[in-house]
Every structure is written in C-alpha cells, then in structure tokens.
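Structure assessment
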Amino acid sequence: MEMKISPSLLAADFSRLSQETAAIEAAGADMLHLDVMDGHFVPNISFGMPVIASLRKCCRLFFDVHIMISQPQRYLEDLAKAGADLITFHVEAEGDPGETIDAIHRLGLKAGISLRPGTPAEAVFPWLDRVDLVLVMTVEPGFGGQKFRGEMMPKVTAIRREADRLGRSDLMVQVDGGVARDTIALCAEAGADCFVAGSAIFGKADYEAEISALRQLAGQAAGI
Ligand code: DX5
Ligand code: ZN
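Residues numbered from 1 in each chain as written. Chains lettered and ligands numbered in written order. Predicted model: local features only at pLDDT ≥ 70, side-chain atom pairs only at ≥ 80, totals over all residues. Heavy atoms only, no water.

**Details of the state of the cysteines**
- Within this structure, the stated rule accounts for 0 disulfides.
- Summary of cysteine pairing: Cys59 is not part of a disulfide, and the nearest cysteine sulfur, belonging to Cys58, is at 6.4 Å.
- A relative accessible area of 3% places Cys59 in the buried class.
- Cysteine Cys194 shares no disulfide, and the gap to the nearest cysteine sulfur, in Cys187, comes to 11 Å. (Disulfide = S-S within 2.5 Å. Buried < 20%, exposed > 50% of the residue type's maximum accessible area, 1.4 Å probe, protein only.)

Structure (structure tokens):
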C-alpha cells in the first residue's frame, strides 16, 4: 500500500497561494487537501470555488477537496467546474449519502465520505462499497492546528477491516487533524494510507523534508 501525503492548504500563507502550491508540488506532495467550510456545518469559513479555480490554473496536483458544508449536493457541480478531482463530504451533512456519492461520480470525480470524532465507524459502513476514500477526522472539523485525538484509531482499524472484508483493499483511508511526525505512525499502524497535514508541513521551513519524513514514518509503521 502506497503512503500518500496530502498537505492541507488551510495552513498556507494565503497572501502567497500560488507560490505555496508550487512549493508543495515541487516538494513531492501526492495531492493537495483543500478545506471548504460554510460557516454552518462548522463554525468557520475558509475559501471556496474562486480560489480553487485560480489554483487549478497553476497547479497540477490532484485536488483532494474536503467539504465541511451542510448541504453538499448544492455545490458539487461548482466544485467540479473549479477543478476538484475528489470531493469528500460529511456523512453527518444533509441529504442521502448514497445520492451524494452518485452525484459526485456522475461528475466524473472520485468520492470520499468523512466522519466527525463523535460519529461511529459503522455510520459509513453502508457506503464502503461505493466510495473511493473514507476520511476519519482526528480533530473536530473547522480549524487547523488542533491536538491529535488518538482515540480515533480504533475507527480507522474498523473501517480498514470492513473494507478488506468487502474486497475493497483499494479503498483509501485518510486521517485529518493533528497529523505530524509524532502521530503519523499510529495512523499508519491503524490502517490509514492517506495523511492530511496542515501545520506539520506549511508551518515548517523545508516542505520537502517534512513530506519525506512523514511518508517514511508512515511506511515504516505500516511495515513497507
Ligand atoms: C480541519 C481541516 C484540516 C486542517 C488540518 O477542519 O479539515 O484539514 O487543515 O490541520 P492540521 O494538520 O494543522 O491539524
Ligand atoms: Zn480537511
């Protein structure tokens, strides 16, 4: 299993977004994590379609878009037009998750489903055969720079186990929130293969060194 690092743009310098994305691409990121918030599903607002569309023109990375919005289905088409490659919505949001997954796939994109810390792993089991990615939040969504919640690891393991049981060993299991050098091994041991990191990468001077170190620590922990 390949260990993928998805730096979260939320921790970048917003006055220099094109330089930041260019630097993260050159540093060997596997994808770029873009957090879109609506001020309703979470108590914060980040950036939206115009920013994603502008970055699409100058960045070739796979756009991993995490939407923390109450009505995901309203914005899927606009996100696709802006340049999303994968859209991860929350199982707790409005609308039937199956319909949201189908709508994302109809737009030709990959679909992910995410759960907040208080939501049990079983809440996403009905959709594991249809999604491309499950995002287990390791902090309460809404803000970067929070403390990693290790008690989420059994959820990662339960989801990986259920995916394997369904013959979905290709399913990406992503973790997001407080992922850093001292926490990434726990996530990889638990069964994650895709790691979002904001402050652990953008908060540092050498993006390439951080990405390589994170990927290596994850690989070691997963035994590859
Ligand atoms: C939080 C976002 C995260 C955030 C992670 O709601 O989903 O992607 O940027 O930031 P760090 O890695 O700093 O915890
Ligand atoms: Zn995120």
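**Thoughts on the sheet that holds strand S5 (residues 110-115)**
- A sheet is described by the order of its strands in space; here 8 strands give the open sequence S1-S8-S7-S6-S5-S4-S3-S2, paired in parallel fashion. Each of the sheet's edge strands pairs with one partner strand only, and the pair in question is strand S1 (4-7) and strand S2 (32-37). Across the sheet, the axes of successive neighbouring strands diverge by a mean angle of 25°, strand direction being ignored.
- In terms of strand pairing, S1 meets strand S8 (residues 194-197) through 4 bridges, oriented parallel. (Pairing = 2+ DSSP bridges. Helix = DSSP H or I, 4+ residues; strand = E, 2+ residues; numbered from the N terminus. Axes fitted to C-alpha atoms, helices over the stretch in contact; angles between N-to-C directions.)

**Observations concerning the coordination of the zinc ion (ligand 2)**
- Looking at the zinc ion (ligand 2), the protein donor atoms are His33 (NE2), Asp35 (OD), His66 (ND1) and Asp176 (OD), and they sit 2.0 to 2.3 Å from it.
- Metal-centred angles of 70 to 167° between the 6 donor atoms at the zinc ion (ligand 2) mark the site as octahedral.
- Read in sequence order, the donor residues coordinating the zinc ion (ligand 2) give the pattern H-x1-D-x30-H-x109-D. Separated by 141 residues along the polypeptide, Asp35 in strand S2 and Asp176 in strand S7 (residues 172-176) bring together distant segments of the chain. Grouping residues by exposure puts Asp35 and Asp176 together as buried. (Donors = N, O, S within 2.8 Å, 3.2 Å for Na, K, Ca; no water. Tetrahedral: all angles 85-135°; square planar, octahedral: opposite > 155°, others 65-115°.)

**Looking at the pairing of S2**
- Within S2, 6 of the 6 residues are buried, leaving the element largely enclosed by the surrounding structure.
- The pairing of S2 with strand S3 (residues 63-68) spans 6 bridges and is parallel. Bridge pairing in S3 links Leu32 to Phe63.

**Let's talk about the pattern of salt bridges**
- Scanning the entire structure with this criterion turns up 13 salt bridges.
- Among the salt bridges present, the one from Glu25 reaches Arg60, with a minimum N-O distance of 3.5 Å. With a gap of 35 residues between them, Glu25 in helix H1 (residues 17-26) and Arg60 in the loop between helix H2 (49-56) and S3 connect regions that are remote in the sequence.
- Arg60 sits in the exposed class, given a relative accessible area of 74%.
- Each of Lys4, Arg160 and Asp193 takes part in one network of salt bridges that share partners. (Salt bridge = Lys/Arg side-chain N within 4 Å of Asp/Glu carboxyl O.)

**Brief notes about the site of ligand 1**
- Close to ligand 1 lie 19 residues, the nearest being Ser8, Gly142, Asp176, Gly198 and Ser199.
- Gly145 has a polar backbone atom sitting 2.9 Å from an oxygen atom of ligand 1.
- Contact distances for ligand 1 include 2.7 Å between an oxygen atom and a side-chain N or O atom of Asp176.
- Considering ligand 1 on its own, with 380 Å² of exposed area, one finds that the protein chains cover 99% of that surface.
- Listing elements by their share of the shell around ligand 1, those giving two or more residues are S2, S3 and S8. (Near = heavy atom within 4 Å. Polar contact = N/O pair within 3.5 Å; in protein donor to acceptor, adjacent residues only side chain to side chain. Areas by Shrake-Rupley, 256 points an atom, 1.4 Å probe, with all protein chains shown as cover.)

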